[in-house]
Amino acid sequence: MEKSLKKGVLILFLFLFAGMNMIYAQQKSVTGSVKDESNIPLPGVTVMVKGTTNGTITNTDGTYSINVPGEEAILVFTFIGMKTEEVQVGTQTSINVTLASDVIGLEEVVAIGYGTSKRKDVTGSIAVADLGELRTVPVNNILETVKGSVPGLNVGSTNRAGQVASLSVRGQNSVSAGNNPLIVVDNAIYNGSIGDIANEDIESFTVLKDASAAAVYGARSANGVIIITTKKGKGINGKPQFNANLSYGIINEMKPLEVYDAEGYIKRMLDIRALRGDEADPSKVADYFANQVERDNYLATPDHKPTVADPYSLIRQNGFNKKANFSVANRTENSSYYISTSLTDQQGVIINDKYKNFTGRINMSNDLTDWLNLSINTMYSFRDFSGSSPAQSSTVGISPYASVYNEDGSYTQFPQQTTSYISPFWMIATSDVDHSHNLNAVVKATVKVPWVKGLTYSSTYSKSMRWQERNEFWDKNTRTGLLAKSTGSRYFGRDVDMLFDNMLSYNRLFADRHSVSATLLYSWEEYNNEFVRGSASQFDNDVLRDYKLGNGVVQTIDTGGGERGSIGQMARVNYSFDEKYGITGTVRRDGFSAFSKNKKWGVFPSVAVNWNISKESFMENISFLDNLGIRASYGSNGNQSITPYSTLAKVGTGKYLYEGDDTYSITQGITSFALNDLSWETTTGFNLGLNFGVLNNRLTGAIDMYKSNTTDQLFSLSLPYITGGSSIIDNLGDIENKGIEIELHSVNVQKGDFQWNSDFAFSLNRNKVITIYGEDDDGDGIEDDLISSNIFIGKSLGQIYTYRVIGMWQQEDVDNGTIRTGMNPGTYKLEDLPNEDGEYDDKITSENDRQHIGNSKANFRWSLNNNFTYKNFSLMVYLYSIWGGNDWFLSGANTPQRDPFPYREDVNKVVYDYWALDNTDAEFPRPDENSKATVRGTKYYDRSFIKLQKVAVSYDASDWISSKSFIKGLTLSVSGDNLATYAPHWVGLDPETGQGLNDSAVPSLQSFIFTTAIKF
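Everything quoted here is computed from the prediction, not taken from an experiment. Residue indices begin from 1 for each chain and proceed along its sequence in written order. The predicted nature of this model means local features are confined to residues of pLDDT at least 70 and side-chain atom pairs, given and counted, to a pLDDT of 80 or more, with totals for whole chains, interfaces and linings taken over all residues. Excluding hydrogens and water, the side-chain values take into account all heavy atoms of the structure.

**Student:** Describe helix 6 (residues 292-299), and please don't skip the residues or the numbers.
**Tutor:** All of the buried residues in helix 6 are Glu-294, Asn-297 and Tyr-298. Take helix 6 and look down its axis: the buried residues cluster within an arc of 100°, on one side only. In this analysis, two residues are considered to be in contact whenever any of their non-hydrogen atoms come within 4.5 Å of each other. Per the convention used, a helix needs a DSSP run of H or I reaching at least four residues, while a strand needs a run of E reaching at least two, with both numbered from the N terminus. On its buried side, helix 6 packs onto helix 4 (262-276) and helix 5 (285-288). Two to three positions downstream of the cap, the backbone nitrogen of Val-293 sits 3.3 Å from a side-chain oxygen, assigning the N-cap of helix 6 to Asn-291. Categorising residues by exposure relies on relative accessible area from a 1.4 Å probe, with only protein chains included: less than 20% of the type maximum marks a residue as buried, more than 50% marks it as exposed, and the intermediate range marks it as partly exposed. Summarising the geometry, the arc corresponds to the directions from the helix axis toward the C-beta atoms. Pairs of N or O atoms are called polar contacts if they sit within 3.5 Å, as long as, within protein, a hydrogen donor faces a hydrogen acceptor (for residues adjacent in sequence, only side-chain-to-side-chain pairs).

Written out as structure tokens, the structure is:
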């Protein structure tokens, strides 16, 4: 018995031992060390088992020990200022890791124009947009993604479906020539719309801001350069990588336009009558309607129920945004490809505000030999803006008691009976087609010259064709068609441009300290355009509409076209010593056919230097400072924004009927004069920049200060009629442009699974008119202002020079005799300025009483993007602001009293605070101000705002989904765009778009979108 018991205990012990072994076999201990690139141990490195809360940190000697659940476990090594590393455990029991430095991307390769450079070696002012988290919010184009995030890049606002925002870099350099930056896509100058490039296809977005950085593009670069690089082939373990991004969302007005309802409409009617001195008895409203239609509809129900509860809702629609992007990419040892297609279907909040877009792209690259690479990037884009929206200003005028529809459901022509007000639906075209196409290809061959180390020759050929179809028709059920017995038109326009670049580059490192690179370029560009437009009216049969314009009795046709060409030659040399000191010299010579015969060519040189101070030996003991470098550049760029043939003398023909003749005679006359010496606008500028990283690179950033002068402005001069022409273009004037830009990145918290990063951007720009004509007709020793063109010497462009509103005239001013002659209570009180003798004449005249109110330009811009991550969750909160203050960023768009028929009680209006007998402290004048004030002024409002621009919440379900299916990655996100606005001084709709309080103000769009991103 005892032996049996001992035997049983032994067997139980053996089973328990085996079970424990099985349990511990599922877990294992991993040890190791973590060092930096200099082989120095890194204490405090976080080591986590991916997808779990199991983790540890390295000791003072950089070593660690951690238990992992099995061979499938992945260790994640993170440390501030270092690149994150992931290592699968497998059969290893000891894992040693070397973390690479991530000092604000100093080793990052950035585009510099006709080449690339490591960020630490950049000598000019170059900014690279961080597209990561910002792309979580689906938008129509890349400009909406980068808006506000790049200092010095000014992106405008939009309020229509598919609309592409305006774009500028570092303010306004030119008075009348173009201020748009040059756009380069995949190494080729791009003349199309950014809206044609799918946001998902873009790999990087770089801005060249100063003269040195942009000098390689010479005559096209005075307004900065945008370099866009599209994606190349990437794969997963040698297999194709498939991506699908699907999103759907709703679109609303950020702030809708409010129109008077029945109660407000009647109140306004009574107020207008009272101001006129007419009877205004609320019990007799039915007698006050100006037309029978409104009167009948008012009396149709005992409670006077309106026929139109909200006039604005008649043209409103529910907006949406649907997007889909599919791509497949792969890379092998010698070749790569990237193929994608994108579809967008967007609908705004105003009926017929629609936008559809299809984009396809194929990028391929192949190493044909070890010395020859051939690549081709092709793209096609189709954009559809078809649809005619009603005029919003007409919609606002609809009375709550109007008859909008006929008995058969069609729209009445005159909703309020009066023929002076036409239904907005009668202003919509019967058919409207607006199609744009863009077909583009860039072919590049790169030869690594075998017998000369570091020498490369590349040839880039780009061909682009863009064409537009614009067809419209108005039948007899439209206002335009009724007057013309139906009318229509068809337009076709085509632009074709070609670019051929040949470049020789040399890059070598000598003795591990001397880095030399040189680039020679010869560029040839051609551009051709043509159009044809046909129209017809007075149709007896309009069934075929614009497809049969020949059915119209009156027919017209117009055709045109043109061509231009340019040649560029560029040389650039860069030398860097020991990664400490660098210098870059560039010179570009450009010729442009549109310029005068004596000034076809322009030469634009630049030079830049940089000093990486943190590489110096005396910086080794400054522990808090991780990176410090300064940059300085000086150079000139050109602006060739001039219309072809504008420097040539041209003769036009006309028809003249002499008295007594049966037919007209053909006449000829000079339409423009020869400009044989018209030269280039030239912008010469200086830039000083500082890059830094402190506190173990938890705070990194860059500061740039710049100043430039644009001389030989392409300025239009008015001519006396007796000369035979109205104006000529000449080189006049000097505009100064200066400013400061700040870019900061901070790692605020990095603890375990939680991380909080912030990105801040700030820019301030000022320009000043130095001189224009140089004339001093009044002999005061100061150059005369050009008031008619709103140009003032010594002041910034965008000046507001007008009367200053200082209050409102009231009845007490009449009673005490202080009201100005010609004015009435409820009209703006304008400031009377003293004359040269310091006396007041109590009169308002344009000669003596206009003054500088302020400026329409922004004071400064800033943005703050916060990114929070916790395990697989992430949150992005993006704030964007344009600020005024000190009389900057002013607008006079809040003028409801200036809308059509403001004094008519039978035409509705936007809701606004107008002066009335019982509302004397109102914001705006009385509705009939036009007839009650001999001199009228405009009140200007500060457009300063802070916007909650973007918010996105994402969840990365890749780990979960990959273990259960063939899907390699899955990210779900919910985002909002244009969510809220703080504007303490603005009374209109959206201060960013400048849409104020008036009949034609269009609300801005606000979106809420759900997105699914899949990789497989």
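There is more to say, and it comes next.
**Student:** Talk me through the side chain of Ser-679; I want residue IDs and the actual numbers.
**Tutor:** Its place among the elements puts Ser-679 in the loop between strand 32 (665-672) and strand 33 (681-694). Excluding anything up to four places from it in sequence, Ser-679 contacts Phe-595, Lys-599, Leu-714 and Asn-731.

**Student:** Break down the environment of Val-207 for me, citing the residues and quoting the values.
**Tutor:** Summarising the element assignment, Val-207 is placed in strand 15 (residues 202-208). On the basis of relative accessibility, which here comes to 0%, the residue Val-207 falls in the buried class. Residues Val-207 and Tyr-355, 148 residues apart in the sequence, show an inter-C-alpha distance of 28 Å. Beyond its immediate sequence surroundings of up to four residues, Val-207 is in contact with Ser-125, Ile-126, Ala-127, Val-150, Leu-153, Val-169, Val-225 and Ile-226.

**Student:** Break down unusual backbone geometry for me, citing the residues and quoting the values.
**Tutor:** Unlike most non-glycine residues, Tyr-645 shows phi in positive territory, near 75°. With respect to the helices and strands, the residue Tyr-645 is situated in the loop between strand 30 (625-639) and strand 31 (650-656). For Asp-712, which is not glycine, the phi dihedral falls at a positive 55°. In this structure, Asp-712 sits in strand 34 (residues 699-718). Residue class for Asp-712 comes out partly exposed when judged on its relative accessible area of 34%.

**Student:** Quick rundown of the pattern of salt bridges? Include the residues and the values.
**Tutor:** Salt bridge criterion: a side-chain nitrogen from Lys or Arg within 4 Å of a carboxyl oxygen from Asp or Glu. Evaluated as defined, the whole model comprises 39 salt bridges. For the salt bridge of Asp-540 with Lys-485, the shortest nitrogen-to-oxygen distance reads 3.8 Å. Of this pair, Asp-540 sits in the loop between strand 26 (514-539) and strand 27 (552-577) while Lys-485 sits in the loop between helix 8 (479-484) and strand 25 (487-510), and the two are 55 residues apart along the sequence. A residue is classified by how much of its surface remains accessible, and Lys-485, at 40% relative accessible area, is partly exposed. Between Asp-999 and Lys-909 there is a salt bridge, and its shortest N-O distance comes to 2.9 Å. On the criterion of sequence distance, the pair formed by Asp-999 in the loop between strand 46 (969-982) and strand 47 (1005-1015) and Lys-909 in the loop between strand 43 (890-891) and helix 11 (929-932) is long-range, its members being 90 residues apart.

**Student:** Explain the domain arrangement of the protein to me, and be specific about the residues and the numbers.
**Tutor:** A domain assignment, automatic or from a database, supplies the domain bounds used here. When cut into domains, the protein gives domain 1 (24-98), domain 2 (109-233) and domain 3 (799-850 + 896-931). A separation of 46 Å is found between the C-alpha centroids of domain 2 and domain 3.

**Student:** Before we move on, can you summarise the packing of aromatic side chains with the specific residues and values?
**Tutor:** Each aromatic ring pair is specified by the distance between its two centres and by the angle formed by the two planes. Pairs were defined over the aromatic rings of Phe, Tyr and Trp, the Trp ring being its six-membered one, requiring ring centres within 6.5 Å. Orientation was assigned from the angle between planes: stacked under 30 degrees, edge-to-face over 60, tilted for the rest. Applying the stated criterion across every chain, the model contains 27 aromatic pairs. Seen from their ring centres, Phe-289 and Tyr-401 are 5.8 Å apart, and the 70° between their planes marks the pair as edge-to-face. Of this pair, Phe-289 sits in the loop between helix 5 and helix 6 while Tyr-401 is found in the loop between helix 7 (392-396) and strand 23 (431-448), placing the two residues 112 residues apart along the sequence. You can call Phe-289 buried: its relative accessible area is 3%. Geometrically, the ring pair formed by Tyr-491 and Phe-531 is stacked, given 6.2 Å between the ring centres and 25° between the ring planes. Placement of Tyr-491 in strand 25 and of Phe-531 in strand 26 is noted, with a sequence separation of 40 residues between them. An aromatic cluster of at least three residues, connected via ring pairs, comprises Phe-592, Phe-595, Phe-604 and Trp-680. By definition, being over a ring means that NZ of Lys or CZ of Arg is both within 6 Å of the ring centre and within 35 degrees of the ring normal. The aromatic ring of Tyr-706 is capped on one face by Arg-170, whose charged end is 4.0 Å from the ring centroid.

**Student:** Describe helix 4, with residues and values.
**Tutor:** The end-to-end C-alpha distance of helix 4, which contains 15 residues, comes to 21 Å, matching closely the 21 Å that a straight helix rising 1.5 Å per residue would cover. Buried within helix 4 we find Ala-262, Gly-264, Tyr-265, Ile-266, Arg-268, Met-269, Leu-270, Asp-271, Ile-272, Arg-273 and Leu-275. If you follow the buried residues of helix 4, they end up packed against helix 5 and helix 6. Where helix 4 terminates, the next one or two residues include Gly-277, which has phi positive at roughly 90°. Expected span of a helix, by definition, is 1.5 Å for each gap between consecutive residues, and there is one gap fewer than residues.

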